[in-house]
Amino acid sequence: MPTGRSEPQTLQVVIHMALTVDDIRQIARLARLELSAEEERLFTDQLNQLIEQVEEMGQVDTEGVPPMYHPLATQHIREDKPRASMPQEKALDQAPDVEAGCFRVPKITEG
Amino acid sequence: MTNGWETVVGLEVHVELATETKVWCGCKNEFGAEPNTNVCPVCLALPGALPVLNERALELIIKAGLALNCQIERVASFHRKNYFYPDLPTGYQITQFDLPLCYDGYVEITKADGTSKRIRIERIHLENDAGKLLHAGDDVAAAHSSLVDFNRAGVPLIEIVTKPDIRSAEEAGLFLNKLRSILKYTGVSDVKMEEGSLRCDINISVRPEGAAEYGTRCELKNVNSVAHMMRAIEYEAARQIDIITAGGVVEQETRSWRNDRGVSVLLRTKEDAEDYRYFPEPDLPPVAVAEELVGKVRASLPELPDAVIERLMGDYGLSRYDASLIATEREYVTWFDEAVELAGAEQAKAVANWQLNELFRIMNERGFGPEQIPVTPNQLAGLLKLIQDGTITGKIAKDVFEKMVDSDLDAATIVKREGLTQVSDEDSLREIARRLVAENPGPVQQWIDGKETVAQWFMGQVMKETRGRANPQVALKLVIEALNEHTAER
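Engineer: Which residues make up the sheet that holds strand E11 (residues 156–162) of chain B, and what values go with them?
Structural biologist: Residues and elements named next belong to chain B. If you walk across this open sheet you meet the 9 strands as E3-E7-E8-E11-E1-E12-E13-E14-E15, and the pairing is mixed. Bordering the open sheet on either side are strand E3 (71–72) and strand E15 (263–269), each of which pairs with just one other strand. The strands touched by helix H1 (residues 55–67) within the sheet are E3, strand E7 (102–110), strand E8 (116–128) and E11, with E8 carrying the most contacts at an inclination of about 170°.

Next comes the structure, spelled out in structure tokens:
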């Protein structure tokens, strides 16, 4: 839960420390991915290469430049008017398991 | 605030906005529809679908912010909050992070002892609701599988976050009721707790009275009624005080309130705290909030509960407590104002008494909501006129009022039909008084012996004989006359 109103933040892309295998395990856990030991090493290397590339941007002097949230300055907004929704059959069409007009999902476990 | 301990509470209140459509797509925002019929590629998160902000949702959060005395951010910018749960088709909630649309507001509460207190609002931000999970089994833990209905996914929500300014279950209850009133007055939300349109998470800690530092807090999730919230706060404060007095340490935890058992249970500890990886929402460019829009919304604000309370106190001399009871619902205020308009300002206190005592009691007994007020202001005004000109007694008036609840008839018609007109005719009342004195030598002897309250007893008998229709002052006067005559004759 973010608190209060804070100064605008940007993604912290400038990471000066290389990722470790433990970081990769944590990211995989958050993404619900199961990686083999070999994959963990592979992705650690690949992600570190990516970060190195992105880090080049850190060389640009951004002192006093306000953060940009989006490259487009368009005002996309719509009127509060209902539009037709999908029929229920179509919404459920691709679901692997359906019951009583609902998507059926396996037992939920926390974490 | 028991035994030298102070409870510190902050609330996160989620409120569904009263829009026609969802916040990022044109599907209907509607409660109780057939499952998965108000869904589309956007709210089901089908590949390639893009969200577009609902103009009305933006207006309503600004309205909430202004009504809650907040500053308004001049840009609506959104972040993704990432987590996996089956009710969230996108795998993230679109919400606001560093720049909530509203910040630095407050709500004023009036306590039972007449003092008022300001509860500060830290921020209000706009986000989307998730779908609804129906568990096959008693609860999440016992369920073998769950059913998902995405009709609610994408419904606009505002999250109102308070500062930790609340110090008791009572204050929390007053705050939530006041918040509810304000959101209903302004039409920001229907605030139907039974339909889940207002839900609340509670942050709570305890500390020795007078301590400067806050204690470690726990968060109680998903409390959905004022009564449950007050009970949950009392339970959780006692649980934490017990831990500390037993020499233990309160751990920062997220807990779930189980109202059926009256306990909170552990959901997760600080170590397993979620990592939501917030980042700016690439699918929604920020929207500038124009000065005209804020001005237009400000101009559309109705008279709010605090202004109503001040007006009823200032114009009619009502107590703060009575005024705040009338101010809880806009419908009650409209009813009061119309009745006073019809009956005259000098009758305002009488109107308030009838509304707060008789009307609210009857509505309470019958389970009527504020939109089901069973007596019209016109009916009450008619009744007050009959009391004022002495046609009926106050006691009879209560019966007439009850009868008006079940009919559209005006008071005069009911009084005429039922023969309830007050008897002020001295001759017929004198006759009854004399007869009663003659028939009751015992009480008369007590009167002679100096027991003056006997006169009241005789007056009661006269009222009984006339089925409450006798003018009480006249009856008392005649009873005393009759007693004196009788004594003199002896």
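Text resumes after the structure shown.
Engineer: Tell me about the pattern of salt bridges, and name the residues and values.
Structural biologist: Residues and elements named next belong to chain B. Evaluation of the coordinates by the stated rule reveals 43 salt bridges over all chains. With a shortest N-O distance of 2.8 Å, aspartate 337 and arginine 311 are connected by a salt bridge. On the criterion of sequence distance, the pair formed by aspartate 337 in helix H7 (residues 330–343) and arginine 311 in helix H5 (residues 305–316) is long-range, its members being 26 residues apart. Looking at aspartate 337, the relative accessible area reads 25%, which means it is partly exposed.

Engineer: Please set out the packing of aromatic side chains residue by residue, giving values where relevant.
Structural biologist: All names here are of chain B. What the rule picks out here adds up to 10 aromatic pairs over all chains. A centroid spacing of 4.6 Å and a plane angle of 45° characterise the contact between tyrosine 332 and phenylalanine 360, whose relative ring orientation is tilted. Pair noted here: tyrosine 332 is in helix H7 and phenylalanine 360 is in helix H8 (residues 348–366), with a separation of 28 residues, a long-range link. On the accessibility criterion, tyrosine 332 (12% relative accessible area) is buried. An aromatic cluster of at least three residues, connected via ring pairs, comprises Tyr83, Phe97, Tyr276 and Tyr278. Positioned over the ring face of tyrosine 92 is arginine 80, at 3.8 Å from the centre of the ring. The ring of tyrosine 276 carries lysine 81 above its face, with NZ or CZ at 4.4 Å from the centroid.

Engineer: Before we move on, can you summarise the packing of helix H12 (residues 426–439) of chain B against helix H15 (residues 472–489) of chain B with the specific residues and values?
Structural biologist: Helix packing for two helices is described by the angle between their axes and how far apart those axes are. All names here are of chain B. Relative to each other, H12 and H15 sit at 50°, their axes nearing to 9 Å. Taken together, the axes of H12 and H15 lie oblique to each other. H12 and H15 meet at a crossing whose hand is right-handed. Mapping the contact onto sequence places Glu426, Leu429, Arg430, Ala433, Arg434 and Val437 in H12 and Val474, Lys477, Leu478, Val479, Glu481, Ala482, Leu483, Glu485 and His486 in H15. Counted by class, the contact of H12 with H15 contains 8 nonpolar, 1 polar and 6 charged residues.

Engineer: Can you tell me about the nonpolar core, naming the residues and giving the values?
Structural biologist: Residues and elements named next belong to chain B. Core analysis: the largest hydrophobic core is formed by 66 residues, its most contacted members being Leu126, Ile158, Ile160, Phe175 and Ile202. Looking at this core element by element, the count peaks at 8 residues for H1. Once residues lying within four places of it in the same chain are set aside, the contact partners of isoleucine 160 are Leu11, Glu12, Val13, Val15, Leu68, Ile121, Arg123, Ile124, Leu179 and Leu183. One finds Val308, Tyr332, Trp354 and Phe401 within the second-largest nonpolar core, a separate group that totals 42 residues.

Engineer: Please provide a residue-by-residue account of the interface of chain B and chain A, values included.
Structural biologist: In this assembly, 70 residues from chain B lie in contact with 43 residues from chain A. For the pair chain B and chain A, the summed buried area comes to about 4700 Å², and 59% of that belongs to carbon and sulfur atoms. At the surface where chain B touches chain A, the tally comes to 0 salt bridges. Applying the counting criterion to the chain B and chain A interface returns 16 residue pairs in polar contact (both at pLDDT 80 or more). At 5 residues, the largest contribution of residues to the side of chain B that touches chain A is made by strand E10 (residues 145–149) of chain B. Across the side of chain B that touches chain A, the residue classes tally to 38 nonpolar, 15 polar and 17 charged. Bridge analysis of strand E1 (residues 77–78) of chain A against strand E2 (residues 53–54) of chain B gives 2 bridges, and the strand direction is parallel.

Engineer: Would you mind going over H15(B) in detail, with residue names and values included?
Structural biologist: All names here are of chain B. An ideal rise of 1.5 Å per residue puts 26 Å on 18 residues; H15 measures up with 26 Å between its terminal C-alpha atoms. Every buried residue of H15 is listed here: Val474, Ala475, Leu478, Val479, Ala482 and Leu483. For H15, the angular spread of the buried residues around the axis is 165°, confining them to a single face. Away from its buried face, by an angle of more than 90 degrees, H15 presents the exposed residues Gln473 and Ala488. Of the surrounding secondary structure, the elements contacted by the buried residues of H15 are H12, helix H13 (441–448) and helix H14 (454–465). Residue asparagine 471 occupies the N-cap position of H15, its side-chain oxygen lying 3.0 Å from the main-chain nitrogen of glutamine 473.

The rules we used
- Residues numbered from 1 in each chain as written.
- Chains lettered and ligands numbered in written order.
- Predicted model: local features only at pLDDT ≥ 70, side-chain atom pairs only at ≥ 80, totals over all residues.
- Heavy atoms only, no water.
- Pairing = 2+ DSSP bridges.
- Helix = DSSP H or I, 4+ residues; strand = E, 2+ residues; numbered from the N terminus.
- Contact = heavy atoms within 4.5 Å.
- Axes fitted to C-alpha atoms, helices over the stretch in contact; angles between N-to-C directions.
- Salt bridge = Lys/Arg side-chain N within 4 Å of Asp/Glu carboxyl O.
- Buried < 20%, exposed > 50% of the residue type's maximum accessible area, 1.4 Å probe, protein only.
- Phe/Tyr/Trp six-rings, centres within 6.5 Å; stacked < 30°, edge-to-face > 60°.
- Lys NZ or Arg CZ within 6 Å of the ring centre and 35° of its normal.
- Parallel < 35°, antiparallel > 145°, perpendicular 65-115°, else oblique.
- Left-handed = near helix turned anticlockwise from the far one by under 90°.
- Nonpolar A, V, L, I, M, F, W, Y, C, P; charged D, E, K, R; others polar.
- Core = buried A, V, L, I, M, F, W, Y, C linked by side-chain atoms within 4.5 Å.
- Buried area = accessible area lost by both parts, 1.4 Å probe.
- Polar contact = N/O pair within 3.5 Å; in protein donor to acceptor, adjacent residues only side chain to side chain.
- Expected span 1.5 Å × (residues − 1).
- Arc of directions from axis to C-beta.

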